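Working through the structure, step by step
Given next are the chains, with one letter for each unit.
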Amino acid sequence: MKKRLLNAEAGARLRRRARFQLVFLLLIAAFVLITVLNINWGSVGIPVRDIARILFKREGDPTQVNIIWKIRLPRIAMAAILGGALSLSGFLLQTFFGNPIAGPFVLGISSGAKVVVALTMIYFLERFRAVSSYALVAAAFVGSLISTGFILLLSRRLKHIAVLLVAGIMIGYICSAITDFVVTFAEESDIVNLHGWSLGSFSGMSWDSVRVATIIVGAASLLVFLMVKPIGAYQLGEAYAQSMGVNIKVFRVALILLSSVLSACVTAFAGPISFVGIAVPYLTKRLLNSSKPIVVIPAAFLFGSVFCMFCDLIARTAFAPTELNISTVTSMFGAPVVILMMLRRQKER
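What this report covers is the structure whose coordinates are included nearby. All figures in this text were calculated on a predicted structure; none of them were measured in a lab. Within each chain, residue numbers correspond to sequence positions counted from 1 in written order. Confidence filtering applies because this is a predicted model: local features only for residues at pLDDT of at least 70, side-chain atom pairs given and counted only at 80 or more, and all residues used for totals across whole chains, interfaces and linings. The side-chain values count all of the structure's non-hydrogen atoms but skip hydrogen atoms and water molecules.

1. What about the packing of helix α3 (residues 62–97) against helix α11 (residues 248–270)?
- Here, axes are lines fitted to C-alpha atoms. For helices the fit covers the stretch in contact, and angles between N-to-C directions go from 0 to 180 degrees. A run of H or I in DSSP counts as a helix once it spans at least four residues, and a run of E counts as a strand once it spans at least two, with each numbered from the N terminus. In the contact formed by α3 and α11, the axes pass within 8 Å of each other and the chain directions differ by 150 degrees. Of the possible angle classes, the one that applies to α3 and α11 is roughly antiparallel. Regarding α3 and α11, the two cross each other, and that crossing is left-handed. Residues M78, L82, A85, L86, L88, S89, L92, L93, T95 and F96 of α3 lie in contact with α11, whose contacting residues are R252, L255, I256, L258, S259, L262, S263, C265, V266, F269 and A270. Here roughly perpendicular refers to angles of 65 to 115 degrees, roughly parallel to angles under 35, roughly antiparallel to angles over 145, and oblique to all remaining angles. When the near helix sits turned anticlockwise from the far one by under a right angle, the crossing is termed left-handed; a clockwise turn instead gives a right-handed crossing. Any pair of residues with heavy atoms lying within 4.5 Å of one another is described as a contacting pair.

2. Observations regarding helix α12 (residues 276–288)
- Working rule for helices: expected span equals 1.5 Å times residues minus one. End to end, α12 covers 18 Å across 13 residues, agreeing with the expected 18 Å (1.5 Å per residue, within 8%).
- Within α12, the full set of buried residues consists of V276, G277, I278, A279, V280, P281, Y282, T284 and L288.
- Following α12 by one or two positions, N289 adopts a phi angle in the positive range, close to 55 degrees. Each residue gets one of three labels from its accessible area relative to the maximum for its type: buried under 20%, exposed over 50%, partly exposed in between, using a 1.4 Å probe on protein chains only.

3. Focus: the pattern of salt bridges
- We define a salt bridge as a contact between a side-chain nitrogen of Lys or Arg and a carboxyl oxygen of Asp or Glu at a distance within 4 Å. By the definition in use, this model includes five salt bridges.
- The partner of R75 in a salt bridge is D312, with the nearest N and O atoms 2.8 Å apart. Of this pair, R75 sits in helix α3 while D312 sits in helix α13 (residues 293–317), and the two are 237 residues apart along the sequence. Just as R75 is buried, D312 falls in that class too.
- Salt-bridge contacts for D208 lead to R211; the nearest nitrogen and oxygen are separated by 2.9 Å.

4. Some words on the packing of aromatic side chains
- Stacked, tilted and edge-to-face are the three classes assigned to paired rings of Phe, Tyr and Trp, where Trp is represented by its six-membered ring and a pair needs centres within 6.5 Å; plane angles under 30 degrees give stacked, over 60 edge-to-face, the rest tilted. By the definition in use, this model includes four aromatic pairs.
- Ring plane angle 40 degrees and centroid distance 6.3 Å describe the contact between W69 and W207, whose orientation is recorded as tilted. Taken as a pair, W69 in helix α3 and W207 in helix α8 (residues 207–226) lie far apart in primary sequence, 138 residues in all.
- Assessed through its relative accessible area of 18%, W69 is described here as buried.

Below you can see the structure in the form of structure tokens.
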């Protein structure tokens, strides 16, 4: 009997491992495919046979080389980095609140970052005609922390998560109204930059932006991965986490800070992007059939990258030469997932 149980457990472990490997292989294949499609498709079509030569040797038509290396690759890289960051931020917030509907956009955190970034952009553009990437990320981080602070204060009074989410949505509307007010009275030369950014877009990215985003998101993601064991313990309840030696106060502060850094980086460079932080972590857990942080964290990051790259491809090409806002596309694909998730949770009760 005992031997049969051991064999059953070993078989279950093998099946789980095989499922994890399959999911990661599919995500990697999707990442490669969507990268090639993003390079290939656009206002100027570049044959697939020329892409490898341009990427590895930088040989070929000079126009195509410039399009790939100066326009498309930085944009693809930023969509991948920021998509992964947004997914990871949503995962951390869902862990913190213990609810899969929590996310940086729904809770108003992205909108708080948006306000401070808009004010910073106007201040620097009026006086210095330029603003550094680090200044934008710092401004977004401050805005994220302010919004998060309000949410945490409300969470002490509003115990029901649904009411808390509604409060977060209201905070988001207030922040969006303030941003619109600020943009209305900005100088005309600044409004073009502000308007496109405030609606969400990966256009206009540069290798300097990629470098800054890689440093910030890479460092934050590494710290998140190092917290795999405390996160896994926390998912089983605060009492269990404390019994495993986790300092709950420090741990919760770390979750909020890391989530704010990740969502702030996204907002600083691409503006607010909706539903990715909710839909992607949920879908990742469903694909893996597991909530273990050691597999969910890298898979969610990779899935978020693929999801945002796919949505950016649709935004660029669906109605070319007109480009859609990235939030428009992510909402089209992400909102139905959130609705299905809420219906599923209702049935399980």
